[in-house]
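Now for the letters of each chain:
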Amino acid sequence: MGLMEFLGLAAIAVGVFLLMEGVAWAAHKYIMHGFGWGWHRSHHEETEGVFEKNDLYAVVFSVLAIALFVVGSNGHPVVFAVAVGITLYGVFYFVVHDGLVHQRWPFRAIPHRGYAKRLVQAHRLHHAVEGKEGCVSFGFLYAPPVEKLSAELRSRGTVVAERQARKPSEPRPTVS
């Protein structure tokens, strides 16, 4: 493989990595908060143990990437590059979302400034809504400005309505 071919395949992998944020956003908003809520609900509720039902989505996406690696390894380098891009996105998702945001593994750094802080705050605002409707910030590696998300939640009134509907003795479900 020549340098130009390698650079072209690397560009495809990087492009797929970037494109995956849009794919993940759409899957999160329309599948996970839609007909796939049965699996995703566990991510919005307190769970015991290391795994939650929502982790099945990672299994599905991993199987897809593995299948693309198999096809790509049989003489289809562009498909292989696509598999690399998807896998890189999955690694970043695991480190940033599961590690930094939800601290599901020994990753106890809490960001106090910059992009990482905004990412954590945006995802916490996503979890401010108890159910599948009315959430904001469906991306995983891109976070809209927190002020914009807060204003959107206030304008919808979902969080306030949920608090008013909850009995005083019912604590709000927490998500780590």
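In what follows, the structure referred to is the one given above.
Student: Please set out the side chain of His 44 residue by residue, giving values where relevant.
Tutor: Tracing the backbone through its elements, the reader meets His 44 in the loop between helix H2 (37–40) and helix H3 (56–73). Look at His 44 and you get buried, because its relative accessible area is 5%. At 3.3 Å, the side chain of His 44 forms a polar contact with the side chain of His 126.

Student: Could you give an account of helix H6 (residues 146–156), with specific residues and numbers?
Tutor: Val 146, Leu 149, Ser 150 and Leu 153 are the residues of H6 that are buried. Within H6, the buried residues cover an arc of 100° as seen down the axis, which keeps them to one side. Across from the buried face of H6, at angles greater than 90 degrees, the exposed residues are Glu 147, Lys 148 and Ser 155. Gly 157 occupies a position one or two residues after H6 and carries a positive phi of about 70°.

Student: If you had to explain the packing of helix H1 (residues 3–35) against helix H4 (residues 77–101) to someone new, which residues and values would you point to?
Tutor: For the pair H1 and H4, the least separation of the axes is 7 Å and the interaxial angle reads 45°. As the angle between them shows, H1 and H4 are arranged oblique. As for the relative orientation of H1 and H4, their crossing is right-handed in sense. Together, Glu 5, Leu 9, Ile 12, Ala 13, Val 16, Phe 17, Met 20, Glu 21 and Ala 24 of H1 and Pro 77, Val 78, Ala 81, Val 82, Val 84, Gly 85, Ile 86, Leu 88, Tyr 89 and Phe 92 of H4 make up the contact between the two elements. For the contact of H1 with H4, the residue count by class is 16 nonpolar, one polar and two charged.

Student: Could you give an account of H3, naming the residues involved and the relevant values?
Tutor: Its 18 residues place the ends of H3 26 Å apart at the C-alpha level, agreeing with the 26 Å of an ideal helix rising 1.5 Å per residue. Inspection of H3 places Tyr 57, Ala 65 and Gly 72 among the buried residues, and these make up the whole buried set. Within H3, the buried residues cover an arc of 65° as seen down the axis, which keeps them to one side. Residues of H3 that are exposed and point over 90 degrees away from its buried face: Val 63, Ile 66 and Ser 73. Close packing links the buried residues of H3 with H1, H2 and H4.

Reading the values: rules and limits
- Residues numbered from 1 in each chain as written.
- Predicted model: local features only at pLDDT ≥ 70, side-chain atom pairs only at ≥ 80, totals over all residues.
- Heavy atoms only, no water.
- Helix = DSSP H or I, 4+ residues; strand = E, 2+ residues; numbered from the N terminus.
- Buried < 20%, exposed > 50% of the residue type's maximum accessible area, 1.4 Å probe, protein only.
- Polar contact = N/O pair within 3.5 Å; in protein donor to acceptor, adjacent residues only side chain to side chain.
- Arc of directions from axis to C-beta.
- Axes fitted to C-alpha atoms, helices over the stretch in contact; angles between N-to-C directions.
- Parallel < 35°, antiparallel > 145°, perpendicular 65-115°, else oblique.
- Left-handed = near helix turned anticlockwise from the far one by under 90°.
- Contact = heavy atoms within 4.5 Å.
- Nonpolar A, V, L, I, M, F, W, Y, C, P; charged D, E, K, R; others polar.
- Expected span 1.5 Å × (residues − 1).

These results come straight from atomic positions and should not be treated as a statement about function.
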